[in-house]
2 protein chains.
Amino acid sequence: MSITEFSLIEKYFYRLKAQRKDVALGIGDDCALLKVPEGQLMAITVDTLVENTHFLPSTSPEDLAWKAISVNLSDLAAMGAEPAWLSLALTLPTADESWLEAFSNSFFECADYYDIQLVGGDTTSGPLAVTIQAMGFTPPAAALKRSGTKPGDLICVTGNLGDAGLGLAISLNKHTCLTSKHEETLKARFNRPTPRVAEGIALRNLASSAIDLSDGLAGDLMHILEASEVGAAIELDSLPLSEALLAECDHQQAIQYALASGDDYELCFTLAEENLEKLENAFKSTSSKFTQIGRIVGGTELIYTSKGKQVELILSGYEHFHEL
Amino acid sequence: MSITEFSLIEKYFYRLKAQRKDVALGIGDDCALLKVPEGQLMAITVDTLVENTHFLPSTSPEDLAWKAISVNLSDLAAMGAEPAWLSLALTLPTADESWLEAFSNSFFECADYYDIQLVGGDTTSGPLAVTIQAMGFTPPAAALKRSGTKPGDLICVTGNLGDAGLGLAISLNKHTCLTSKHEETLKARFNRPTPRVAEGIALRNLASSAIDLSDGLAGDLMHILEASEVGAAIELDSLPLSEALLAECDHQQAIQYALASGDDYELCFTLAEENLEKLENAFKSTSSKFTQIGRIVGGTELIYTSKGKQVELILSGYEHFHEL
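## Focus: the overall build of chain A
Link 1 in the chain: When helices and strands are counted, chain A shows 10 helices and 13 strands.
Link 2 in the chain: Dimensions of chain A, computed from the C-alpha atoms along their principal axes, are close to 65 × 50 × 30 Å.
Link 3 in the chain: Burial statistics for chain A: of 324 residues in total, 61% are counted as buried.
Link 4 in the chain: Look at the contacts in chain A between residues 6 or more apart in sequence, and 85% of them connect residues 24 or more apart.
Link 5 in the chain: Carbon and sulfur atoms provide 50% of the accessible area of chain A, an area that totals close to 12,600 Å².
Link 6 in the chain: If the 23 positive side-chain charges of chain A are averaged to one point and the 45 negative ones to another, these points end up 6 Å apart.

Shown next as structure tokens:
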């Protein structure tokens, strides 16, 4: 590298704005010192994005920074936690300053948008990868776990499903869009997912379980079923599908994207039917809708129905694009 | 990968022993939920080790796991923090199960030794790299910062300096040892540094500043000088050098290793002279000695003395071995 690790961090990642009151000591010492509000638990999560595994070499530094933060905030959202702090471990093949400037500008734009502060960093030389740890707070009783749902609970999701999967297919030149408007919309859903932070907080004390959709509904919902020791029936006709997805695919393809492709970063959650009205009220202050897509049932299986009748589906797996 | 991310994490990184009481929810949900003790600040740090940058392809998985934890605990030690939790982001080219078993066994052996719990993890496919974030606690007033030292303060270090630098030279076949005993000792100092956790806690309320030595005394001490806006005089004849280092090098070479090679992970700290006796008492319960190696002075320069007279030194830089 032409400039040292220390000067890299100093030049691009020391920014004094967005100095939160709960940061006693920020970047620039051996550790940061942070104050968790009394009576709250700290929620933490860590995710790595590796070039050629989670993002394409053509991904812009702006999109990469935004997505790396968003996928971590999505995990906090799935716990009902309020985001507060981030640490960043950035591995770069070369100290390309124009890349770093674009990456760091987008990083802080996203962090400022969510009022979160970068409190730790490490830059290293090596193949391009971004590891972020996000930290936030939740009252102990309000945390949304994967366990806790019971037969009879409704299964719901935020937003629309499948857009990011088609956005990836477009980026890989496996799908050609009918309109450039669809192309931009769908690629943005893959490159800049929206973490459902306000929605996660709205679910506190209402949802009986929650998870975020990183690997696709079919796979991620199984984690809830396993943790809660229940089964589920998903009504395929209820899946929320965007206009863009439906315009670009036939219905069967759209269902495949909605169930088996990842990177949507919507929340999937369950709730007792008597909480539905409260949830509708709580969601009035969020930017996303929610849609009921099925019910928790007994047993341990995930089944699909269409117009009330069980149907068989063969889903292709999704383990990010290096395996597609 | 032949087995999925989820099964990898489950098989090698879910271990229920060392369940700390301050972990409300461990690995296996979207986030972990942690309880910071009331009245304490949380100290956090993050460090990445990348193959061919921070460790050699020949490094054993056992040594890699141990070192990845140790370099992070060393940062906590430099703040005087008590370690509590770790998150691990592991990027692997292939899901080599014998490698994973060896890595995870050593990882938990080290974590158990320091009574710290793994609370978050992500395994991804890509070039080998390990990112660990370590978290711990410190009373607000006791934290050891880089700022705060004043002219007249003593400069001290724990342990011996330079061993790890020679250990790396041996691993790179740039030095052939006189005895296999020296070779093992010096390589172990590079591969398995000892984080000075108890020593950092002993320094609470006594040291006026502290840092850990990852890049070499000459460079790391500059961070204290810059943060505290002071200068320093280091007495070369006082540098603590191991028997092994002195047996394998001439004195000039040993001084170069002690000042300009990294990876020792000893603590460098300053204290007012009137605290010296208290410090000697506090160090009776630790495994490491400490040695006074100089004094803080006015100005902003780092100078070297030998038998009380200023000497000029030309030091080669150290930015981990990809730059040597």
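## Some words on the interface of chain B and chain A
Link 1 in the chain: Contacts between the two partners involve 59 residues from chain B, matched on the other side by 59 residues from chain A.
Link 2 in the chain: Across the chain B/chain A interface, buried area totals approximately 4,500 Å², and carbon plus sulfur atoms make up 58% of it.
Link 3 in the chain: Taken together, the links from chain B to chain A amount to 4 salt bridges.
Link 4 in the chain: Across the pair A:Asp30 and B:Arg146 runs a salt bridge, and its minimum N-O distance is 3.1 Å.
Link 5 in the chain: Across the chain B-chain A interface, the total number found is 18 residue pairs in polar contact (both at pLDDT 80 or more).
Link 6 in the chain: The element contributing the most residues to the side of chain B that touches chain A is strand β3 (residues 41-50) of chain B, with 9 residues.
Link 7 in the chain: Residue classes in the side of chain B that touches chain A are distributed as 28 nonpolar, 18 polar and 13 charged.
Link 8 in the chain: When strand β2 (residues 32-34) of chain A meets β3(B), the two strands line up antiparallel, connected through 3 bridges. Following the sheet pairing, A:Leu33 is matched in β3(B) by B:Ala43.

## Comments concerning the domain arrangement of chain A
All names here are of chain A.
Link 1 in the chain: Domain boundaries in chain A define domain 1 (5-141) and domain 2 (145-323).
Link 2 in the chain: Computed over C-alpha atoms only, the centres of domain 1 and domain 2 are separated by 26 Å.
Link 3 in the chain: On the domain 2 side, the residues contacting the 26 residues of domain 1 number 23 residues.
Link 4 in the chain: Carbon and sulfur atoms make up 60% of the area that domain 1 and domain 2 hide from each other, which totals about 2,100 Å².
Link 5 in the chain: Ranking the residues of domain 1 by area buried against domain 2 places Leu-56, Lys-67 and Ala-78 at the top, with a combined share of 24%.
Link 6 in the chain: Between Lys-67 and Asp-263 there is a salt bridge whose closest N-O contact spans 3.3 Å.
Link 7 in the chain: Here domain 1 is connected to domain 2 by 7 residue pairs in polar contact (both at pLDDT 80 or more).
Link 8 in the chain: When residues of the side of domain 1 that touches domain 2 are traced back to their parent elements, those giving at least two are α2 (61-78), β4 (82-92) and β6 (129-138).

## Thoughts on the packing of helix α4 (residues 163-171) of chain A against helix α5 (residues 180-191) of chain A
All names here are of chain A.
Link 1 in the chain: Where α4 contacts α5, the two axes come as close as 7 Å, and the packing angle between them is 105°. Taken together, the axis directions place α4 and α5 in an arrangement best described as roughly perpendicular. Only Glu-183, Leu-186, Lys-187, Arg-189 and Phe-190 of α5 make contact with α4, whose side of the interface consists of Asp-163, Ala-164, Leu-166, Gly-167, Leu-168, Ile-170 and Ser-171.

## Thoughts on the sheet that holds strand β9 (residues 231-235) of chain B
Residues and elements named next belong to chain B.
Link 1 in the chain: Strand order in the open sheet made by the 7 strands is β8-β10-β7-β11-β9-β12-β13, with mixed pairing throughout. One side of each edge strand has no neighbouring strand; the edge strands of this open sheet are β8 (207-212) and β13 (309-311). When strand polarity is set aside, the average angle formed by the axes of neighbouring strands in this sheet is 35°.
Link 2 in the chain: Both strand β7 (residues 154-158) and strand β11 (residues 290-297) contribute to a ladder of 5 bridges, which runs antiparallel. Within β11, the residue paired with Cys-156 across the bridge is Gln-292.
Link 3 in the chain: Along the sheet, helix α2 (residues 61-78) contacts β8 and β10 (267-271); its crossing angle with β8, the most-contacted strand, is approximately 170°.
Link 4 in the chain: In this fold helix α7 (residues 217-228) packs onto β7, β8, β9, β10, β11 and β12 (302-306), with an angle of close to 140° to the strand it touches most, β8.

## So, unusual backbone geometry
All names here are of chain B.
Link 1 in the chain: Even without a glycine there, the phi angle at Asp-115 is positive, about 55°.
Link 2 in the chain: Examined against the element boundaries, Asp-115 turns out to sit in the loop between α3 (97-113) and β5 (117-125).
Link 3 in the chain: A positive phi is found at Asn-173, a non-glycine position, where the angle reads about 60°.
Link 4 in the chain: Of the residues examined, Asn-173 reaches a relative accessible area of 71% and is grouped as exposed.

## Concerning the packing of aromatic side chains
All names here are of chain A.
Link 1 in the chain: Across all of its chains, the model carries 22 aromatic pairs over all chains by this definition.
Link 2 in the chain: Pairing Phe-103 with Phe-107 gives two aromatic rings, centres 6.1 Å apart and planes at 25°, and the pair type is stacked. Of this pair, Phe-103 and Phe-107 both sit in helix α3 (residues 97-113), 4 residues apart, roughly one helical turn.
Link 3 in the chain: On the accessibility criterion, Phe-103 (0% relative accessible area) is buried.
Link 4 in the chain: Following the ring pairs from residue to residue traces out a cluster consisting of Phe-13, Trp-99, Phe-103, Phe-107 and Phe-108.
Link 5 in the chain: Lying across the ring of Phe-190, Lys-67 places its NZ or CZ 3.7 Å from the centre.

Calculation notes
Throughout this document, residue positions are counted from 1 along each chain, in the order its sequence is written. A letter from A marks each chain and a number from 1 marks each ligand, given out in the order of writing. pLDDT decides what is reported in this predicted model: residues at 70 or higher carry local features, side-chain atom pairs at 80 or more are listed and counted, and totals for whole chains, interfaces and linings draw on all residues regardless. Side-chain metrics rest on all non-hydrogen atoms present in the structure, leaving aside hydrogens and water. Numbering of helices and strands runs from the N terminus; a helix is a DSSP stretch of H or I covering at least four residues, while a strand is a stretch of E covering at least two. Any residue under 20% of the maximum accessible area for its type is buried, any over 50% is exposed, and the rest in between are partly exposed; the area is computed with a 1.4 Å probe on protein chains only. Here, two residues are considered to be in contact whenever any of their heavy atoms come within 4.5 Å of each other. Computed by Shrake-Rupley with a 1.4 Å probe, the accessible areas treat only the displayed protein chains as cover when residues are assessed. When charges are counted, Lys and Arg contribute as positive and Asp and Glu as negative, whereas His and the chain ends are disregarded. Charge positions come from single atoms, namely NZ of Lys, CZ of Arg, CG of Asp or CD of Glu. Buried area: the accessible surface (1.4 Å probe) lost by two parts on joining, summed over both. We define a salt bridge as a side-chain nitrogen of Lys or Arg found within 4 Å of a carboxyl oxygen belonging to Asp or Glu. Within 3.5 Å is the distance limit for a polar contact, defined as a pair of N or O atoms, with the added protein rule that one can donate a hydrogen and the other accept it, and that residues adjacent in sequence qualify only through two side-chain atoms. Three classes are used, and their members are as follows: Ala, Val, Leu, Ile, Met, Phe, Trp, Tyr, Cys and Pro are nonpolar, Asp, Glu, Lys and Arg are charged, and the others, Gly among them, are polar. Strands qualify as paired when DSSP identifies two bridges or more between them. Domain start and stop points were drawn from an automatic or database domain assignment. Axis lines are fitted through C-alpha atoms, for helices just across the contact stretch, and the angle between N-to-C directions can take any value from 0 to 180 degrees. Roughly parallel means an angle under 35 degrees; roughly antiparallel means over 145; roughly perpendicular covers 65 to 115; every other angle is labelled oblique. In this scheme Phe, Tyr and Trp rings, the latter by its six-membered ring, pair at centre separations within 6.5 Å, and the angle between planes marks the pair as stacked below 30 degrees, edge-to-face above 60, and tilted otherwise. Put simply, a charge is over a ring when the Lys NZ or the Arg CZ is close to the ring centre, within 6 Å, and near the line of the ring normal, within 35 degrees.

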